[in-house]
Amino acid sequence: EVRCIVLPPQVGSQYDVKLPDALPSHPALQGLKPLGWIHTQQRESPHLSPVDVQAHAALVARSADAAAATEGSAAAGGAASGAGAPQAWSPDEAVVATCSFTLASVTLTAHRVTSKGLDWARGEGGGAIAAAAAAAAASGAGPGIKGFKTDFYDKAQITLTDAIRGFFLVPDEGSWNYFFQGVKF
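Criteria and thresholds
Residues numbered from 1 in each chain as written. Predicted model: local features only at pLDDT ≥ 70, side-chain atom pairs only at ≥ 80, totals over all residues. Heavy atoms only, no water. Salt bridge = Lys/Arg side-chain N within 4 Å of Asp/Glu carboxyl O. Helix = DSSP H or I, 4+ residues; strand = E, 2+ residues; numbered from the N terminus. Buried < 20%, exposed > 50% of the residue type's maximum accessible area, 1.4 Å probe, protein only. Polar contact = N/O pair within 3.5 Å; in protein donor to acceptor, adjacent residues only side chain to side chain. Contact = heavy atoms within 4.5 Å. pLDDT = per-residue confidence, 0-100. Pairing = 2+ DSSP bridges. Patch = residues over 30% accessible without salt bridge, like charges linked within 9 Å, V, L, I, M, F, W, Y side chains within 5 Å. Areas by Shrake-Rupley, 256 points an atom, 1.4 Å probe, with all protein chains shown as cover.

Some thoughts on the pattern of salt bridges
Should their charged atoms come close, side chains of opposite charge can pair. All chains considered together, the criterion is met by three salt bridges. In this structure, the salt-bridge partner of Lys116 is Asp151, at a minimum N-O distance of 2.6 Å. Of this pair, Lys116 sits in helix 2 (residues 115–139) while Asp151 sits in the loop between helix 2 and strand 7 (153–156), and the two are 35 residues apart along the sequence. Classification of Lys116 by relative accessible area gives partly exposed; the value is 46%. A salt bridge links Arg122 to Asp119; its shortest N-O distance comes to 3.9 Å. One end of the pair, Arg122, and the other, Asp119, are both in helix 2, three residues apart, so they sit about a helical turn from each other.

Pasting the structure below:
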């Protein structure tokens, strides 16, 4: 059950998404477990993109690092962990949810990145994605990522209900999602 959707500042394109280095931390998040992240996009795709697999692997790694740092600080006599401190994402449970804004509809899809996908993203995938994204941006074509396979993720189930018992957590200053603003120069 989703209790809170956290919307950190983000900038993205059809090829990538950039999120802050620091994971969200707030007292309202105390006791909640991170379930994954949502990527908004203009087109529905039957597959999870290599860029999303790499971004997911980076978020899983960052969450483990942040949780370890929080635990280390608490063990050294610092602030107690749990007061809104980030929890590590479970690679077996965290999902990438894509929200596609297609003509006259919205499509939600969820994928769970497999251990093979996480290993690929941490290894050869990172360099391959950066090179392919740069080439795609220069040529206007979609990125072709070397070594990427569709068995790097599995579809995950989403159950929607009309009963909402949660809240949104957004930054209190500045813009947090540039998707709805269109192109600005």
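Once the structure has been displayed, the description carries forward.
Some remarks on the side chain of Ser63
Structurally, the position occupied by Ser63 is in helix 1 (residues 50–75). Classification of Ser63 by relative accessible area gives buried; the value is 0%. In this structure the side chain of Ser63 is engaged in a polar contact, spanning 2.8 Å, whose partner is the backbone nitrogen of Trp89. With sequence-adjacent residues up to four places away left out, Ser63 is seen in contact with Leu23, Gln87, Ala88 and Trp89.

Describing the confidence of the model for the protein chain
Confidence along the protein chain averages 77 in pLDDT terms, with 71% of residues attaining 70 or more. The spread of mean pLDDT over the elements of the protein chain runs between helix 2, the lowest at 70, and strand 7, the highest at 94. For residues 139–143, every residue scores under 50 in pLDDT, and the model assigns this stretch nine contacts once sequence neighbours within four places are set aside.

Here's the deal with the pairing of strand 6 (residues 105–113)
Every regular strand shows the same layout, with side chains that alternate between the two sheet faces. Note: strand 5 (residues 95–102) against strand 6, seven bridges, orientation antiparallel. Paired with Val96 across the two strands is His111, which belongs to strand 6. Inspection of the sheet shows strand 6 paired to strand 7 by four bridges, in the antiparallel sense. In the strand pairing of strand 7, His111 is matched with Lys155.

So, a nonpolar patch on the surface
Together, Val106, Leu108, Ile158 and Leu160 give the surface a local cluster of nonpolar side chains, amounting to about 380 Å² of exposed area. Residue position: Leu160 is located in the loop between strand 7 and strand 8 (167–169). Residue class for Leu160 comes out exposed when judged on its relative accessible area of 65%.

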